[in-house]
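Analysis of the macromolecular model
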Amino acid sequence: MRRLKAGLGPRNVLDLFKRRFHSGELGSVPVALGLVVVWIIFESLNENFLSPRNLSGLSVDIVGTGMISVGVVFVLLLGEIDLSVGSVSGLAAAAFAVLNVQHGVPEGLALLFAVLGGMVIGAIQGFFFAKVGVPAFVVTLAGLLGWNGLMLYILGSSGTINLDDKGLLAMLTGYYFTNVAAAYGLAAFGTAGYFLASYHDARRRRAAGVPARPLSEILLRTGVLAVITMASAAVLNQFLGLPLALLIFLVVLVGLDFVLRRTRYGRMIFALGGSVEASRRTGLNVDLVRISVFMMSGTMAAVGGLFLASRVTSASQTSGAGLLLMDAIAAAVIGGTSLFGGRGRTWSALLGVLVIQSIASGVALMGIQTAVQFMITGGVLLIAVVIDSLARRAQKAHGRV
């Protein structure tokens with residue numbers, strides 16, 4: 001018991017923070033602190049920023065871009081980039097609208113076709129990158145132009161197709177679980193799941209003779225998570241309840257995080273991001289992994305595009321345009337995914353898109369020009385990249401790169 005209390009003391013926590021800072025292993029700590037600072041600043045400027053209504057809207061607004069950013073995380077783990085995700089998301093929304101509204105295809109089937117279309121697009125781009133040897137930047141830049149052109153073509157002269165505001169797609173962002181037990185139950189389930197997974201992982205690592213987190217740190221992390229999730233549930237329940245969109249997003253994050261950290265496929269992605277040549281020498285099918293990662297990016301771009309279309313209940317010529325591409329990539333980087341490959345998690349997308357969307361929400365509430373939002377987001381992105389570069393330098397100094 002004495003060791004446990006000592007492990008939770010402020011001095012020990014500070015020492016742990018210093019060690020991780022000097023070794024380049026701070027992870028998501030900087031972006032979490034940055035998010036807190038952003039919220040404090042905007043709340044001090046406008047008391048409605050942290051209101052249940054605004055935070056509930058924020059929890060739904062992050063889903064579309066966040067889904068796209070999750071796919072970008074997979075590509076960045078290889079040290080590559082996908083510039084086509086915005087155009088692919090717009091094309092998926094347009095394809096769904098044309099199939100459902102103009103051709104009478106049932107919504108469920110139209111959704112499936114749109115998502116499969118994104119997967120096929122990713123496979124095509126991955127093939128040219130992995131098999132033909134065209135740089136990912138060039139392939140996806142061509143995709144950015146080509147898929148956007150295809151979207152404009154299938155939308156036709158109308159330019160905009162309105163969707164059924166009572167339909168299945170609209171429900172993705174319009175449905176809320178109003179029973180307070182839903183939000184609190186999700187918070188409790190998520191916290192318990194995190195503790196059990198962390199505890200099991202620590203036991204497994206100790207049994208294998210490798211360093212593992214002490215129980216005190218696991219309890220501290222679980223406690224912090226419990227406070228955050230329960231507070232979030234309380235805020236959501238003060239408005240309309242738990243949004244279906246947020247629930248789906250969290251399930252996707254947990255599932256893909258499991259794929260990346262607990263499966264052989266995920267280990268192959270990290271290995272390939274660390275060193276292509278070393279991975280090839282160990283017998284890894286480099287081309288197949290590369291193609292599959294771009295398929296994941298295309299699929300998630302399509303899913304994100306459908307959520308964005310659900311939010312506005314329409315598909316138009318502006319779908320997937322504007323700052324969507326930059327926001328999706330910036331969210332992954334700001335959240336902690338390395339531009340150099342080999343380091344990052346799906347949760348990076350959640351943290352990063354929370355920062356970006358919080359800035360957009362705060363600027364909108366205050367009636368400030370959009371130009372200010374661009375400058376703030378650009379500054380945050382630069383800080384994130386600087387932290388990433390410093391972390392990589394620290395890891396090199398400790399022989400971890």
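Residues numbered from 1 in each chain as written. Predicted model: local features only at pLDDT ≥ 70, side-chain atom pairs only at ≥ 80, totals over all residues. Heavy atoms only, no water.

Things to note about the pattern of salt bridges
- Applying the stated criterion to the full structure yields 10 salt bridges.
- As a salt-bridge pair, aspartate 257 and arginine 261 come within 3.3 Å of each other at their nearest N and O atoms. A residue pair is termed a helical-turn pair when its members lie 3 or 4 positions apart in one helix, as aspartate 257 and arginine 261 do in helix H11 (residues 244–262) at four residues.
- Overall, arginine 261 belongs to the partly exposed group, its relative accessible area being 39%.
- By sharing partners, the salt bridges in this structure join Asp201, Arg204 and Arg262 into a single network. (Salt bridge = Lys/Arg side-chain N within 4 Å of Asp/Glu carboxyl O. Helix = DSSP H or I, 4+ residues; strand = E, 2+ residues; numbered from the N terminus. Buried < 20%, exposed > 50% of the residue type's maximum accessible area, 1.4 Å probe, protein only.)

Concerning the side chain of arginine 290
- Locating arginine 290 in the fold gives a position in helix H14 (residues 286–312).
- Here arginine 290 occupies a buried position and makes no salt bridge, while the nearest side chain of opposite charge, aspartate 287, is found at 4.6 Å.
- Excluding residues that lie within four positions of it along the chain, arginine 290 makes contacts with Leu78, Phe129, Ala130, Leu272 and Val276. (Lys, Arg positive; Asp, Glu negative; His and termini not counted. Contact = heavy atoms within 4.5 Å.)

Points about the nonpolar core
- Ranked by internal contacts, the top residues of the largest apolar core, which has 88 residues, are Ile62, Val70, Phe74, Phe96, Leu169, Phe249 and Ile269.
- Here the element with the most residues in this core is helix H4 (residues 52–76); it accounts for 13 residues.
- Excluding residues within four positions of it along the chain, phenylalanine 249 makes contact with Ile62, Val63, Gly66, Met67, Val70 and Leu350.
- Judged by nonpolar contacts, the second largest core, of six residues, contains Ala183, Ala233, Leu242 and Leu246. (Core = buried A, V, L, I, M, F, W, Y, C linked by side-chain atoms within 4.5 Å.)

Here's the deal with the packing of helix H9 (residues 180–207) against helix H10 (residues 215–237)
- For the pair H9 and H10, interaxial distance at closest approach is 9 Å and the crossing angle is 165 degrees. Here H9 is positioned roughly antiparallel relative to H10, judged by the angle of their axes. In this structure, H9 meets H10 at a crossing whose hand is right-handed. Only Leu215, Ile218, Leu219, Arg221, Thr222, Leu225, Ala226, Thr229, Met230, Ala233, Ala234 and Asn237 of H10 make contact with H9, whose side of the interface consists of Val180, Ala183, Tyr184, Ala187, Ala188, Gly190, Thr191, Tyr194, Phe195, Ser198, Tyr199 and Ala202.
- Among the residues making up the contact of H9 with H10, the classes are represented as 17 nonpolar, six polar and one charged. (Axes fitted to C-alpha atoms, helices over the stretch in contact; angles between N-to-C directions. Parallel < 35°, antiparallel > 145°, perpendicular 65-115°, else oblique. Left-handed = near helix turned anticlockwise from the far one by under 90°. Nonpolar A, V, L, I, M, F, W, Y, C, P; charged D, E, K, R; others polar.)

Such coordinate-based values are descriptive only and should not be taken to indicate function.
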